[in-house]
Amino acid sequence: LSVTYEFFLSDRGMLHRILSFFLPSFILQMIGVFCARYHPERRRAWSVRKINERWREMERRSSSREGVKSAEKDVVVGLSVRSLLDLYLSSKSYPAGSEILLVPPVTIPAIVNIIEYHDLRLVGIDLPRIGGETRWGVDVEALRQAVSDKTVALMLVHPFGCRIADLGTMRDLRKIANGHSLDIIEDCAQSYTGICTSKKGHIQLGYLGSEEADVSLFSFGPIKTSTALGGGLAVLRRRKGVAKSMRRMQESLYQPQRTTSYYVRLLKCTFVQLASQSTYCCGFIKILLDSVGIEYSWLVMKLTRGFDCRGGQQEVIRQIRRRPCPALLALLNRRLQQSHLVYEEADKRRRRCESFSKVLARSEMSNLSTLKSVDGGDMYNWIFPVFTSRPVHTSRSLISMGFDAPCGMTQLRPLENCVRAKEVFDHIMYLPVTSQKCSESSRRKLVSVLQDACSDIATEKSTAQKRSATWKAKSKTMLFILAILLER
């Protein structure tokens, strides 16, 4: 025992020497492994890889269900759709002065700033008119005629979360693009609604982008159905070299997003979410803001807006050229993992919109109508826009009765040269019917308030028509008397 103790366990023993030599090295190696595993760049790379895997799995299940041969895809993860569009345009390096055709001609100001920053010009294709009524859709013939030698791409926007072009329309656009060597950029910022597998094994999918598009852009911003309080995906088809170029530019030109700024946005959106849960809280905040001269809608839009576009092109580019932080990527990965919950929530919202649309149709309000697509369907998904002759008056009437129905508060804007799209946006209003807090009794009350507001508009119109008719009659009488006097 004494020999064994001296050989192994004493201060000069073998075991003591082995431990004294290897144990510090082992501890240092474990610390290094732990730090490397939880290093921000290491976590960021892991999240990006998982996001790519989840999206490709959804695409694979979608193509197997629909029986469509899926093109080779690559997914680039960015801070937002704006950042991904900037990366795509930088990697393509279109000639200065080139044109991008926008259909429908609506987008947010930041997209216009990004395109103009790259010395490109945005040309809008106005909304089609069918049977004397403006419809939402793609005017393929007008788009074909608008293609010129300067055109380099077509940009298709799906507003309000609705799919604006079916498979046949996308194939027509693909033929036009192939004939003139154009790219198709699909803006699906408001269109992601997840994937769901029912109990019977049937796969139900939201929209994951068209196979005819070269790149589809998806957003997960603060006001989206599936929100990660930021982040975006660019799904590229047949453009593997472009995807590598985008990633290379993102790593070399973009600065990392600060985690603290993401936490500030988290706290801000948490405050908005908690405040919006109570009608009394919203009413108190509105009264408080009115007393100090601040518009309630302006504050809501400022709190939910991802970027501040008031500084012009340079300020927009400075804000969007960031790599998403690991916290944002982790939440984005979780959102894709919970895609079945997103689909269920989006499906409930669609059903609420559908039932409310039927109620509006039965009420027969002449001064209010839903937006119609080319095929005659209603334009709603996760928000419910309507067309009214006096949106400001109707919105104020609804707010006074406890319904937050903003008009023109969204960042979507029509291009200046598109008359029909501008007319629609001048008379658009958004009804609060997609929220879980909006019960059946609340929807019936909302219809009643809308009827009263529309009847007031009709009364004012009839009064104005009577006044104009009276003035016309008086003017005719005065002209008749004046003519008699002149004859004498």
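The following refers to the structure shown.

Criteria and thresholds
Residues numbered from 1 in each chain as written. Predicted model: local features only at pLDDT ≥ 70, side-chain atom pairs only at ≥ 80, totals over all residues. Heavy atoms only, no water. Pairing = 2+ DSSP bridges. Helix = DSSP H or I, 4+ residues; strand = E, 2+ residues; numbered from the N terminus. Axes fitted to C-alpha atoms, helices over the stretch in contact; angles between N-to-C directions. Buried < 20%, exposed > 50% of the residue type's maximum accessible area, 1.4 Å probe, protein only. Right-handed = clockwise from strand over helix to strand, strands pointing away. Core = buried A, V, L, I, M, F, W, Y, C linked by side-chain atoms within 4.5 Å. Contact = heavy atoms within 4.5 Å. Phe/Tyr/Trp six-rings, centres within 6.5 Å; stacked < 30°, edge-to-face > 60°. Expected span 1.5 Å × (residues − 1). Arc of directions from axis to C-beta. Parallel < 35°, antiparallel > 145°, perpendicular 65-115°, else oblique. Nonpolar A, V, L, I, M, F, W, Y, C, P; charged D, E, K, R; others polar. Polar contact = N/O pair within 3.5 Å; in protein donor to acceptor, adjacent residues only side chain to side chain. Salt bridge = Lys/Arg side-chain N within 4 Å of Asp/Glu carboxyl O.

## Observations regarding the sheet that holds strand β8 (residues 183-187)
Then step 1. The strand order β1-β12-β11-β8-β7-β2-β4 describes an open sheet built from 7 strands, whose pairing is mixed. A single partner strand is all that each edge strand has here, and the edge strands are β1 (73-78) and β4 (121-124). Averaged over all pairs of adjacent strands, the angle between their axes in this sheet comes to 20°, without regard to strand direction.
Then step 2. Of the strand pairs in this sheet, strand β7 (residues 151-157) and β8 are connected by 5 bridges, and their pairing is parallel. Directly across from Met155, in β8, lies its bridge partner Ile185.

## Remarks on the pairing of β7
Then step 1. Burial analysis of β7 places 7 of its 7 residues in the buried class, the great majority of the element.
Then step 2. Where strand β2 (residues 99-103) meets β7, 5 bridges bridge the pair, whose relative direction is parallel. Counted as the bridge partner of Leu101 is Leu154 from β7.
Then step 3. Tracing the backbone out of β7, into helix α7 (residues 167-180) and back to the parallel element β8 gives a crossover that is right-handed.

## A look at the nonpolar core
Then step 1. With 74 residues, the main nonpolar core has Leu85, Ile100, Ile115, Trp136, Phe160, Leu236 and Met246 as its most contacted residues.
Then step 2. For Ile100, the contacting residues outside a window of four places in its chain are Leu89, Ile115, Leu120, Arg121, Leu122, Val123, Val152, Ala153 and Met155.

## Details of the packing of aromatic side chains
Then step 1. Summed over all chains, the structure comprises 8 aromatic pairs.
Then step 2. A centroid spacing of 6.5 Å and a plane angle of 85° characterise the contact between Tyr192 and Phe218, whose relative ring orientation is edge-to-face. With a gap of 26 residues between them, Tyr192 in the loop between β8 and β9 (195-197) and Phe218 in strand β11 (residues 215-219) connect regions that are remote in the sequence. One exposure class covers both Tyr192 and Phe218, and it is buried.
Then step 3. In this structure an aromatic cluster arises from ring pairing among Trp55, Tyr192, Phe218 and Phe220.

## Considerations on the sheet that holds strand β15 (residues 368-370)
Then step 1. Strand order in the open sheet formed by 3 strands is β15-β16-β18, with antiparallel pairing between adjacent strands. The open sheet has two edge strands, β15 and β18 (428-431), and neither has a second partner. Each adjacent strand pair in this sheet contributes to an overall mean axis angle of 40°, direction not counted.
Then step 2. Of the strands in this sheet, β15, β16 (384-388) and β18 touch helix α14 (residues 339-363), which is tilted by about 20° from β16.
Then step 3. Those strands touched by helix α16 (residues 419-426) are β16 and β18, and its axis lies near 45° from that of β18.

## Looking at α7
Then step 1. Here α7 is 14 residues long and its end C-alpha atoms lie 20 Å apart, about the 20 Å a rise of 1.5 Å per residue gives.
Then step 2. Of all the residues in α7, the buried ones are Thr169, Met170, Leu173, Arg174, Ile176 and Ala177. Down the axis, α7 shows its buried residues gathered within 165° of arc, on one side only. Opposite its buried face, α7 presents the exposed residues Lys175, Asn178 and Gly179, each directed more than 90 degrees away.
Then step 3. Looking at the buried residues of α7, the elements they touch are α6 (140-146), β7 and β8.
Then step 4. Two residues or fewer past α7, Ser181 is found with a positive phi of approximately 55°.

## Quick notes on the packing of helix α9 (residues 259-276) against helix α11 (residues 296-304)
Then step 1. Contact geometry for α9 and α11: axes closest at 9 Å, N-to-C directions at 140°. In terms of orientation, α9 lies oblique with respect to α11. Contacts between α9 and α11 involve Lys268, Phe271 and Val272 on the former and, on the latter, Lys302, Leu303 and Thr304.

## Side note on the packing of helix α13 (residues 326-337) against α14
Then step 1. The geometry of α13 relative to α14 is characterised by a closest axis approach of 5 Å and an angle of 65° between their N-to-C directions. Accordingly, the angle class assigned to the pair α13 and α14 is roughly perpendicular. Facing Arg335, Leu336 and Gln337 of α13, the residues of α14 in contact are Ser339, His340 and Val342.
Then step 2. Per-class residue counts for the contact of α13 with α14 are 2 nonpolar, 3 polar and 1 charged.

## Topic: the side chain of Ser91
Then step 1. Inspection of the secondary structure assignment puts Ser91 in helix α4 (residues 81-92).
Then step 2. For Ser91, a relative accessible area of 18% gives the class buried.
Then step 3. Within the structure, Ser91 has its side chain in polar contact with the backbone oxygen of Tyr88 (distance 2.8 Å).
Then step 4. Beyond its immediate stretch of four places on either side in the chain, Ser91 contacts Val242, Ser245, Met246 and Met249.

## Side note on the pattern of salt bridges
Then step 1. Per the stated rule, a full pass over the model turns up 16 salt bridges.
Then step 2. Here Asp74 and Arg56 are joined by a salt bridge, their closest N and O atoms 3.3 Å apart. With Asp74 in strand β1 and Arg56 in helix α3 (residues 40-66), this residue pair connects regions lying 18 residues apart in the sequence.
Then step 3. Residue classification places Asp74 among the buried positions, given a relative accessible area of 5%.
Then step 4. Between Glu345 and Arg352 there is a salt bridge, and its shortest N-O distance comes to 3.7 Å.
Then step 5. Residue class for Glu345 comes out buried when judged on its relative accessible area of 18%.
Then step 6. Ionic contacts of the salt-bridge type, sharing partners, join the residues Arg56, Asp74 and Arg247 into one network.

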